[in-house]
Amino acid sequence: MLFSSIIFLLYFLPIVFAGYYLMSFSRMAQNIWLFLASILFYAWGEPVYVFLMLGFIFLNWAGGILIAHWEEKLKIKKKILISVIVIDIGTLFLFKYMGFVVDNICTLLKMDVPNIWVPTLPIGISFYTFQALSYVIDVYRGDTKAEKNPFYVGLYIAFFPQLIAGPIVRYNQVAKEIRNRKSTYRKISVGVCRFVTGLGKKILLANNFAILADQIFSWSQMGVENFQVPVLMAWLGIIAYTLQIYFDFSGYSDMAIGLGVMFGFKFEENFDYPYAASSMQDFWHRWHISLTRWFREYVYFPLGGSRVENKDRMIRNLLIVWLLTGIWHGAAWTFLFWGLWHFLFQIAERFFGYAVNNTHKILMHIYTMLVVMFGWVLFRAKDLYQANIYFKNLFGFNQNGFFSELTGFLFREYGFFLLLGILFCLPVAKRCNRALAEGKAGIVGKIMNILYPAAMAAVFLLCLTYLVRGGYNPFIYFNF
């Protein structure tokens, strides 16, 4: 079930919301209600794999209890932790990477691929696996207490607002809120507005960019002998995809954060205008913040981070992190090379220092966006062969020409949306909101504050209209 669906917006959410506040007499009842609603939410799209997720919940809850029980026995609790991690990672490997590994081994050995059962990928398994892992690791480290109530661990792992695509949260960030959180009319209104903002980003912007990006990438994948994609059209396609993936994923994060606020939870921000970054290190401080933090806390720092005497080890640590970051996104060589691409620029910025205190902000911003966009070519392409074709199209190396009538048509058709996308992916709205909140906008601010609820209602109605008409509604991170 997607947030941007009629079944969620008009049926699931209103029923869950009404039931939650009818149970205001008991926090336990509210938590159980949210847990059961989350299980139903997941089972709607995964009626079989919901049992896999329930198994994850039980395994990691029991692992936390056993680790706490053997607190004084370091060897025993370490074995328990390793066992839980192996099962968690092993399950993720089986469902997400087994087919990829078998195919590549057979290709390397020039063997026929054996007719073995390869399971389909459960929705959101990468996200809830990481949340489960962070829980047992934090219990082992002593960063959080083991939770005795399995429903609370279940609610933490399966909570429907951030189950499918994050943000990835740690248990100690929500433990107090699970037991004792406050809901007010102001919080609910803030949460609703945040949700509608994310819904608008997803449906009104990301979905339109998806149509354009998917069409141009599909033409490139047909091969230069079947369809010539001119240089300007190729650039149009990668700009569209750059905007699509941002508004798609950040819009979903906005909806998740808004839903959390509506139910009394506060999730940390997952995006901070990454396309305003002036270096690749700055970009990764702004993009998918919860994933970056997870790899830093549970992989990079345990390996030694940057605080190692030998620079070779620091490079090794970064290489491991970026290989895992790439592989986490998908079982394909394109994702692995996307991770390596970002690793190269992380290393370059650290060793050459050109990203620190650089006075050429405009040039650094252009550099950052080009690196990011070229990376998105790898991320979006079907395979490395198609990525190679697309890169050649970008620079006219396929004798593909510079412009065409179709390119002009696409610019005219999607130009307005592209301008909106470029405008809203920069912190313009953030500064306007700050001016309104601080009362610095004068009479204009007062008028906008009056019109704001009407604007939110209009955005919601526009989104509903789009969905009722059956508009194109993909979600990039749905299976991550």
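Going along each chain's sequence as written, the residues are numbered from 1 onward. The model is predicted, so local features are restricted to residues of pLDDT at least 70 and side-chain atom pairs to those at 80 or more, both for listing and for counting; the totals for chains, interfaces and linings are taken over all residues. Only hydrogens and water are removed before side-chain values are computed, so all heavy atoms of the structure are retained for them.

Colleague: Explain the nonpolar core here, please?
Modeller: In globular proteins that are soluble, nonpolar side chains generally tend to be buried together. To define a nonpolar core, start from buried Ala, Val, Leu, Ile, Met, Phe, Trp, Tyr and Cys residues and group those joined through side-chain atoms within 4.5 Å. A 1.4 Å probe rolled over the protein chains alone gives each residue an accessible area, and that area as a share of the maximum for its type sets the label: buried under 20%, exposed over 50%, partly exposed in between. Phe 3, Phe 8, Phe 160, Tyr 275 and Trp 376 are the most contacted members of the largest nonpolar core, which has 141 residues in total. At 17 residues, the largest contribution of residues to this core is made by helix 10 (residues 231-262). The criterion used for residue contact is that any of the two residues' heavy atoms lie within 4.5 Å. If sequence neighbours within four positions are ignored, Phe 8 has contacts with Met 1, Leu 2, Phe 3, Leu 13, Pro 14, Phe 41, Phe 160, Phe 195 and Leu 259. The helix count covers DSSP runs of H or I at least four residues long, the strand count covers runs of E at least two residues long, and both are numbered beginning at the N terminus.

Colleague: Looking at this structure, how should I read empty space enclosed by the protein?
Modeller: One water molecule sets the probe size; rolling that probe over the atoms shows where empty space is left. Space inside and on the surface of the protein is sampled on a 1 Å grid over the protein atoms alone, with a cavity defined as a set of points where a 1.4 Å probe fits but cannot get out and a pocket as an open set with protein on both sides within 12 Å along at least 5 of 7 lines; lining residues have an atom within 4 Å of a point. Grid points are joined across faces, edges and corners, and a volume is the space filled by probe spheres set on the points. Under the defined criterion, the tally for this structure stands at 3 cavities of 30 Å³ or more. If you add up the space inside the largest cavity, you get close to 60 Å³. What lines the largest cavity is simply Ile 168, Val 169, Arg 170, Gln 173, Ser 290, Arg 293, Trp 294, Glu 297 and Tyr 298. Considered as a void within the structure, the second largest cavity measures approximately 50 Å³ in volume. Taken together, Leu 155, Tyr 156, Phe 159, Gln 162, Val 169, Val 174, Ile 178, Phe 265 and Phe 267 form the lining of the second largest cavity. Mapped by element, the contributors of at least two residues to the lining of the second largest cavity are helix 7 (150-158) and helix 8 (171-179). Each residue receives one of three labels: charged for Asp, Glu, Lys and Arg, nonpolar for Ala, Val, Leu, Ile, Met, Phe, Trp, Tyr, Cys and Pro, and polar for the others, Gly being one of them. Each residue belonging to the lining of the second largest cavity can be placed in one class, and the counts come to 8 nonpolar, 1 polar and no charged.

Colleague: What's the story with the pattern of salt bridges in this structure? I'm lost.
Modeller: What counts as a salt bridge is simple: a side-chain nitrogen of Lys or Arg found within 4 Å of a carboxyl oxygen of Asp or Glu. Throughout the structure, instances matching the rule amount to 12 salt bridges. Across the pair Arg 286 and Asp 282 runs a salt bridge, and its minimum N-O distance is 3.1 Å. Residue Arg 286 and its partner Asp 282 are both found in helix 11 (residues 280-286); the two are separated by 4 residues, about one turn of the helix. Asp 282 gets classed as buried once you look at its relative accessible area, which sits at 18%. The network of salt bridges with common partners includes Asp 138, Asp 143, Arg 170 and Glu 297.

Colleague: When you look at helix 5 (residues 98-108) in this model, what are you seeing that I'm missing?
Modeller: In an α-helix, one turn spans 3.6 residues, which is why side chains three or four residues apart end up on the same side. Within helix 5 the residues assigned to the buried category are Gly 99, Val 102 and Cys 106. Along the long axis of helix 5, the arc covered by the buried residues comes to 65°, so they all point the same way. With respect to the buried face of helix 5, the exposed residues turned more than 90 degrees away are Thr 107 and Leu 108. Positive phi shows up at Lys 110, right after helix 5, with a value of about 55°. Note: the arc covers the axis-to-C-beta directions of the helix.

Colleague: Is there a simple way to think about the layout of surface pockets in this case?
Modeller: One number sums up the size of the second largest pocket: a volume of about 540 Å³. Around the second largest pocket, the lining is made up of 24 residues, and of these Ile 89, Phe 130, Phe 295, Val 299 and Leu 324 lie nearest the centre. Elements with a minimum of two residues in the lining of the second largest pocket: helix 4 (74-96), helix 5, helix 6 (125-141), helix 12 (289-303), helix 13 (311-329) and helix 14 (333-352). A per-element tally of the lining of the second largest pocket places helix 12 first, with 5 residues.

Colleague: Just to check I follow, could you spell out the packing of helix 9 (residues 185-221) against helix 17 (residues 405-424) for this structure?
Modeller: A pair of packed helices is captured by two measures, namely the crossing angle of their axes and the spacing between those axes. Orientation of helix 9 relative to helix 17, taken along the N-to-C sense of each, is 150°, at an axis distance of 10 Å. Of the possible angle classes, the one that applies to helix 9 and helix 17 is roughly antiparallel. By crossing handedness, the relation of helix 9 to helix 17 is classed as left-handed. Across the interface between the two elements, Leu 204, Leu 205, Asn 208, Phe 209, Ile 211, Leu 212, Ile 216 and Trp 219 from helix 9 touch Leu 406, Leu 410, Tyr 414, Phe 417, Leu 418, Leu 420 and Gly 421 from helix 17. Its residues placed into classes, the contact of helix 9 with helix 17 shows 13 nonpolar, 2 polar and no charged. Axis angles are defined between N-to-C directions and span 0 to 180 degrees, where every axis is a line fitted to C-alpha atoms and, for a helix, only to the segment in contact. Relative orientations are named as follows: roughly parallel for angles under 35 degrees, roughly antiparallel for angles over 145 degrees, roughly perpendicular for angles from 65 to 115 degrees, and oblique for any other angle. It is the rotation of the near helix from the far one that decides the hand of a crossing: anticlockwise by less than a right angle makes it left-handed, clockwise makes it right-handed.

Colleague: Just to check I follow, could you spell out helix 13 for this structure?
Modeller: Here the expected span of a helix is defined as 1.5 Å times the quantity of residues minus one. For helix 13, which comprises 19 residues, the first-to-last C-alpha distance of 28 Å matches the rise-based estimate of 27 Å (1.5 Å per residue) to within 8%. Where helix 13 is concerned, the buried positions are Met 314, Asn 317, Leu 318, Val 321, Trp 322, Thr 325, Gly 326, Trp 328 and His 329. Projected down its long axis, helix 13 shows its buried positions confined to an angular sector of 160°, all on one face. Along helix 13, the residues that are exposed and aim more than 90 degrees away from the buried face are Asp 312 and Arg 313. Looking at the buried positions of helix 13, the neighbouring elements they touch are helix 4, helix 6, helix 11, helix 12, helix 14 and helix 15 (361-380).

Colleague: Before we go on, may I ask you to explain the side chain of Glu 177 in this structure?
Modeller: Here Glu 177 is to be found in helix 8. Lys and Arg are tallied as positive, Asp and Glu as negative. Neither His nor the chain termini are counted. One buried charged side chain, Glu 177, makes no salt bridge at all; its nearest oppositely charged neighbour is Lys 187, positioned 6.6 Å away. Once residues lying within four places of it in the same chain are set aside, the contact partners of Glu 177 are Gly 264, Phe 265 and Lys 266.

Colleague: Just to check I follow, could you spell out a nonpolar patch on the surface for this structure?
Modeller: Together, Ile 7, Leu 10, Tyr 11, Ile 15, Leu 40 and Trp 44 make up an exposed nonpolar region whose accessible area comes to about 620 Å². If you list the elements that add at least two residues to the nonpolar patch, you get helix 1 (6-22) and helix 2 (27-45). At 4 residues, the largest contribution of residues to the nonpolar patch is made by helix 1. Take Leu 10: it is sitting in helix 1. Given the relative accessible area of 42%, Leu 10 is considered partly exposed. Two distance rules govern patches: like charges are joined within 9 Å, and nonpolar side chains (Val, Leu, Ile, Met, Phe, Trp, Tyr) within 5 Å, applied only to residues with over 30% relative accessible area and no salt bridge. In these tables, accessible area is a Shrake-Rupley quantity obtained with a 1.4 Å probe, and a residue counts as shielded only by the protein chains included in the view.

Colleague: Mind showing me how you'd approach the packing of aromatic side chains here?
Modeller: How two aromatic rings sit relative to each other is given by the distance of their centres and the angle of their planes. Each pair of aromatic rings taken from Phe, Tyr and Trp, with Trp reduced to its six-membered ring, is defined by centres within 6.5 Å and is described as stacked if the planes are under 30 degrees apart, edge-to-face if over 60, and tilted in the remaining cases. Applying the stated criterion across every chain yields a total of 69 aromatic pairs. By definition here, charges over rings are those cases where NZ of Lys or CZ of Arg is within 6 Å of the ring centre and within 35 degrees of the ring normal. Positioned over the ring face of Tyr 140 is Lys 77, at 4.9 Å from the centre of the ring. In this structure, Lys 96 packs its charged tip against the face of Trp 328, placed 5.4 Å from the ring centre.

Colleague: Would you mind showing me how to read the environment of Val 428 here?
Modeller: Assignment of secondary structure puts Val 428 in helix 18 (residues 428-437). As a C-alpha pair, Val 428 and Tyr 273 span 155 residues in sequence and 9.8 Å in three-dimensional space.

Colleague: How do you make sense of unusual backbone geometry when you look at a structure like this?
Modeller: Note: most peptide bonds trans; most residues except glycine with negative phi. Although it is not a glycine, Tyr 273 sits at a positive phi angle of roughly 45°. Inspection of the secondary structure puts Tyr 273 in the loop between helix 10 and helix 11. Of note in the backbone geometry, Gln 399 takes a positive phi value of approximately 50° without being a glycine. By the element assignment, Gln 399 lies in the loop between helix 16 (384-394) and helix 17. Of the residues examined, Gln 399 reaches a relative accessible area of 75% and is grouped as exposed.

Spatial relationships are all this shows, so hold off on functional conclusions.
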